[in-house]
Amino acid sequence: MGHEVRYRVRGGSQLHGTVFVQGAKNAVLPMIGASLMASKGRTVLRNVPIIEDVRRAVELARAVGAKAELHETERTLVIDASSLSSPVLPADIASRFRGSFLFVPALLHRFGEAVIEGVGGCNLGSRNLDFHYNGFKRMGATVTEQVADNGDGIIHIKAGDLRGGTLYCDTPSHTGTENLIMAAALARGTTLIKNAALEPEVLDNIALLQAMGAKISGGGTGFVTVEGVGELTAVEHTVMPDRIDAGVFVMAAAITGGDLNLVGATLEHLGVAADKLEQMGVEFHQQGAVLQVRRDRTLRPINVITDEYPGFATDLQSPIMALSCFAEGPSYIYERIFDGRFKLADELAKMGADIEVDGNRAKVNGPRGLRGAEVEAHDLRCGSALVLAGLAAEGETTITSAYYLDRGHAHTAERLSQLGADIVREVG
Ligand SMILES: CC(=O)N[C@H]1[C@@H](OP(=O)(O)OP(=O)(O)OC[C@H]2O[C@@H](n3ccc(=O)[nH]c3=O)[C@H](O)[C@@H]2O)O[C@H](CO)[C@@H](O)[C@@H]1O
Ligand SMILES: C=C(OP(=O)(O)O)C(=O)O
């Protein structure tokens, strides 16, 4: 993991100004996987967020033999996958982020096999991969698990020649849909994926694959049809803005009673979260590609049920829990996607919050004026929620284990400081 990362936040400043929404983490990761499917030429991805998950994905692309150059200032990633050399996703890199599993379709097509020594991602309770495995198997692959000397499971997927078929997700899995679409893109024949995810990032990845020559229809309908083609070509693509990053900045304005211009944010991408925030007292004004947001009235309590897109995104559940602490009355949160995403409640309690957790339901008893404390980011969105809490708390908040925050948000301290926040990032 390297050095410990901490953020120190002094609360009390209202945020004002203009902030640039970063490129989407959950769009760029499958795109890096997709770029490895092009056996000739160089893929150029623009508006790439400079986050730790992207750095890990670049390391992983290099580990399988691709040439990958991340030009941080230009936010541009150039990938040449013409000479891949290994089907193995090594544990030391792959187990540090979820997106590693999105390399599997490319390895299956390029080598006829993929060896997965580890899959990471935030620890949010059970995070199964059976929809991916079952889909690959229906396309003709075999999946076996072997236990390494250190006790870790190593997954071996073999697929001499993938063929299209009728596939499904029991629930519309985000990365599951992306992996099955990518596997089908170069498979023999036609594939139908039922109950496919509708997330904007899935559609952005479909747009990239189409530009590469894939024949995909039905994106955004729940039924995706993929007609396999012989090869995919390297292209240039601009990654969509990160709707979760946008949502966190909306809540930064809301929690401090400020007003912000979010460059690149699209209200529609926030789905039901936009309506819930409006009900809490946030005002939105979409002006072309800039979303104006402000909150100058009392925060009202809210009822949130997380769901797949366009429902309330689970990745915004932790941030809204922090915001709800300041609402005038009890808020109710029902987490339906992950069974272990409430570790934040104990951390907010250290700051004075009153949150009752019962299984996957939480009641946030607002309003509570929070005070600064030392708190731990147990996962990425726990980290962003604690930054939000710190912005509105009295005194100083120290957020430890903040590598998690850096997994998914770029230049957090710099962007918030420019808006008037008192926040620093420390390493060591
Ligand atoms: C890299 C990436 O894009 N990560 C996002 C992706 O994660 P990820 O793609 O891992 O999330 P999924 O949509 O697959 O998982 C949602 C739920 O379905 C279950 N499930 C999923 C697959 C499967 O084969 N079997 C199964 O049971 C999971 O255990 C979980 O409870 O979508 C999540 C839900 O929007 C987001 O929080 C993550 O930020
Ligand atoms: C859960 C998340 O990401 P990942 O799937 O990459 O762990 C997240 O972005 O909050």
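Residues numbered from 1 in each chain as written. Chains lettered and ligands numbered in written order. Predicted model: local features only at pLDDT ≥ 70, side-chain atom pairs only at ≥ 80, totals over all residues. Heavy atoms only, no water.

**Student:** Honestly, the overall build of the protein chain in this entry has me stumped. Any pointers?
**Tutor:** Assigned secondary structure in the protein chain consists of 14 helices and 24 strands. By the compact-globule yardstick of 22 Å for 428 residues, the protein chain fits well, its C-alpha radius of gyration being 21 Å. In terms of overall dimensions, the protein chain has a C-alpha envelope of 60 × 50 × 45 Å along the principal axes. Out of the 428 residues in the protein chain, the part that is buried amounts to 57%. Taking the intrachain contacts of the protein chain between residues at least 6 apart in sequence as the baseline, contacts between residues at least 24 apart amount to 73%. (Helix = DSSP H or I, 4+ residues; strand = E, 2+ residues; numbered from the N terminus. Rg over C-alpha atoms; globule rule 2.2 N^0.38 Å. Buried < 20%, exposed > 50% of the residue type's maximum accessible area, 1.4 Å probe, protein only. Contact = heavy atoms within 4.5 Å.)

**Student:** Help me understand the domain arrangement of the protein chain, please; the structure alone is not making it clear to me.
**Tutor:** In many analyses, interface size is given as the accessible surface area lost on bringing the parts together. According to the domain assignment, the protein chain consists of domain 1 (5-22 + 241-427) and domain 2 (25-238). Taken together, the 23 residues of domain 1 in the interface contact 24 residues of domain 2. Interface area, domain 1 with domain 2, both sides summed: about 2100 Å², of which 50% is carbon and sulfur. Where domain 1 packs against domain 2, one counts two salt bridges. In this structure, Arg407 and Asp53 form a salt bridge, with 2.8 Å as the shortest nitrogen-oxygen distance. Here domain 1 is connected to domain 2 by eight residue pairs in polar contact (both at pLDDT 80 or more). Put simply, the parts of the chain that give the side of domain 1 that touches domain 2 at least two residues each are α12 (380-392) and α13 (403-408). Broken down by element, the residue count for the side of domain 1 that touches domain 2 peaks at four residues, all from α13. Among the residues making up the side of domain 1 that touches domain 2, the classes are represented as six nonpolar, six polar and 11 charged. (Domains from an automatic or database assignment. Buried area = accessible area lost by both parts, 1.4 Å probe. Salt bridge = Lys/Arg side-chain N within 4 Å of Asp/Glu carboxyl O. Polar contact = N/O pair within 3.5 Å; in protein donor to acceptor, adjacent residues only side chain to side chain. Nonpolar A, V, L, I, M, F, W, Y, C, P; charged D, E, K, R; others polar.)

**Student:** What's the story with the sheet that holds strand β17 (residues 290-294) in this structure? I'm lost.
**Tutor:** Pairing within the open sheet is mixed, and its four strands lie in the order β2-β15-β17-β16. Two strands in the sheet have a free side with no partner beyond their single neighbour: β2 (16-20) and β16 (283-287). If you compare each strand with its neighbour and ignore which way they point, the axes differ by 20 degrees on average. Inspection of the sheet shows β16 paired to β17 by five bridges, in the antiparallel sense. Opposite Glu283, over in β17, you have Arg294 as the bridge partner. Against the sheet, helix α8 (residues 243-256) engages β2, β15 (259-263), β16 and β17, with an angle of about 165 degrees to β15. (Pairing = 2+ DSSP bridges. Axes fitted to C-alpha atoms, helices over the stretch in contact; angles between N-to-C directions.)

**Student:** Teacher, can you tell me more about the UniProt feature "domain: Enolpyruvate transferase" (unreviewed entry) in the protein chain here?
**Tutor:** Residues annotated by UniProt as "domain: Enolpyruvate transferase" (unreviewed entry) correspond here to residues 9-414. Strand forms 24% of residues 9-414 and helix 32%; the C-alpha atoms that close the span are 12 Å apart. (UniProt positions renumbered as here; feature names shortened; annotations may be inferred.)

**Student:** Would you mind going over the UniProt feature "active site" (unreviewed entry) in the protein chain with me for this structure?
**Tutor:** Per the UniProt entry, the sites bearing "active site" (unreviewed entry) are Cys122 in this numbering. If you trace the backbone, Cys122 turns up in the loop between β7 (113-116) and α5 (130-138). According to the relative accessible area criterion, Cys122 is buried, its value standing at 6%. In this view, Cys122 contacts Arg127, Asp379, Leu380 and Arg407; residues no more than four positions away in its chain are not counted.

**Student:** Quick question: what am I supposed to make of the pairing of β17 here?
**Tutor:** Within a regular strand, the side chains alternate between the two sheet faces. Residues Leu291 and Val293 point to one face of β17 and are all buried, whereas Val290, Gln292 and Arg294, pointing to the other face, are not buried. A loop of two residues connects β16 with β17, the two strands running antiparallel in sequence, and Gly288 in this loop sits at a positive phi of about 65 degrees.

**Student:** Just checking my understanding: could you explain the site of ligand 1 for this structure?
**Tutor:** In the vicinity of ligand 1 there are 19 residues, among which Asp130, Ser173, Thr175, Asp315 and Ile337 approach most closely. In the model, an oxygen atom of ligand 1 is placed 3.2 Å from a nitrogen or oxygen of the Ser126 main chain. Backbone polar atom of His174 to an oxygen atom of ligand 1: 2.9 Å apart, as the coordinates give it. When the free accessible area of ligand 1 is taken as 730 Å², the share hidden by the protein chains comes to 88%. Under a 2 Å grid-point criterion requiring more than half of the atoms, the pocket assigned to ligand 1 is the largest pocket. Residue classes in the shell around ligand 1 are distributed as four nonpolar, nine polar and six charged. (Near = heavy atom within 4 Å. Areas by Shrake-Rupley, 256 points an atom, 1.4 Å probe, with all protein chains shown as cover. 1 Å grid on protein atoms, 1.4 Å probe; cavity = no way out; pocket = protein on both sides within 12 Å on 5 of 7 lines; lining within 4 Å. Sits in = over half its atoms within 2 Å of the grid points.)

**Student:** Just checking my understanding: could you explain the site of ligand 2 for this structure?
**Tutor:** Looking at ligand 2, the residues that line it are Lys25, Asp53, Arg98, Gly121, Cys122, Leu124, Arg127, Asp315, Arg341, Leu380, Arg381 and Arg407. Contacts to ligand 2 include Arg341, whose side-chain N or O atom sits 2.9 Å from an oxygen atom. Within the contact set of ligand 2, an oxygen atom lies 2.7 Å away from a side-chain nitrogen or oxygen of Arg407. A total of 300 Å² of accessible area belongs to ligand 2 in isolation, and the protein chains cover 93% of it. Of the pockets mapped on this structure, ligand 2 occupies the largest pocket. Here the residues of the shell around ligand 2 sort into three nonpolar, one polar and eight charged.

**Student:** Honestly, the confidence of the model for the protein chain in this entry has me stumped. Any pointers?
**Tutor:** Close inspection of predicted coordinates is inappropriate in any region flagged by low pLDDT. Considering every residue of the protein chain, the mean pLDDT works out to 96; 100% of them sit at 70 or more. We note a pTM of 0.97 for the whole complex and an ipTM of 0.99 for its interfaces. (pLDDT = per-residue confidence, 0-100.)

**Student:** Would you mind showing me how to read the environment of Ala81 here?
**Tutor:** Its location among the elements puts Ala81 in the loop between β5 (76-80) and β6 (88-89). In sequence terms Ala81 and Arg361 are 280 residues apart; their C-alpha atoms lie 45 Å from each other.

**Student:** In this structure, what is going on with the sheet that holds β5? I would like to understand it.
**Tutor:** The strands that make up a sheet are held in pairs by hydrogen bonds between backbone atoms, and each pair lies either parallel or antiparallel. In space, the four strands of this open sheet follow the order β4-β5-β3-β14, with mixed pairing throughout. Looking at strand neighbours, the two that pair on one side only are β4 (67-71) and β14 (236-238), the edges of this open sheet. If you compare each strand with its neighbour and ignore which way they point, the axes differ by 15 degrees on average. The sheet contacts of helix α2 (residues 52-63) involve β4 and β5, and relative to β4 the element is tilted by about 155 degrees.

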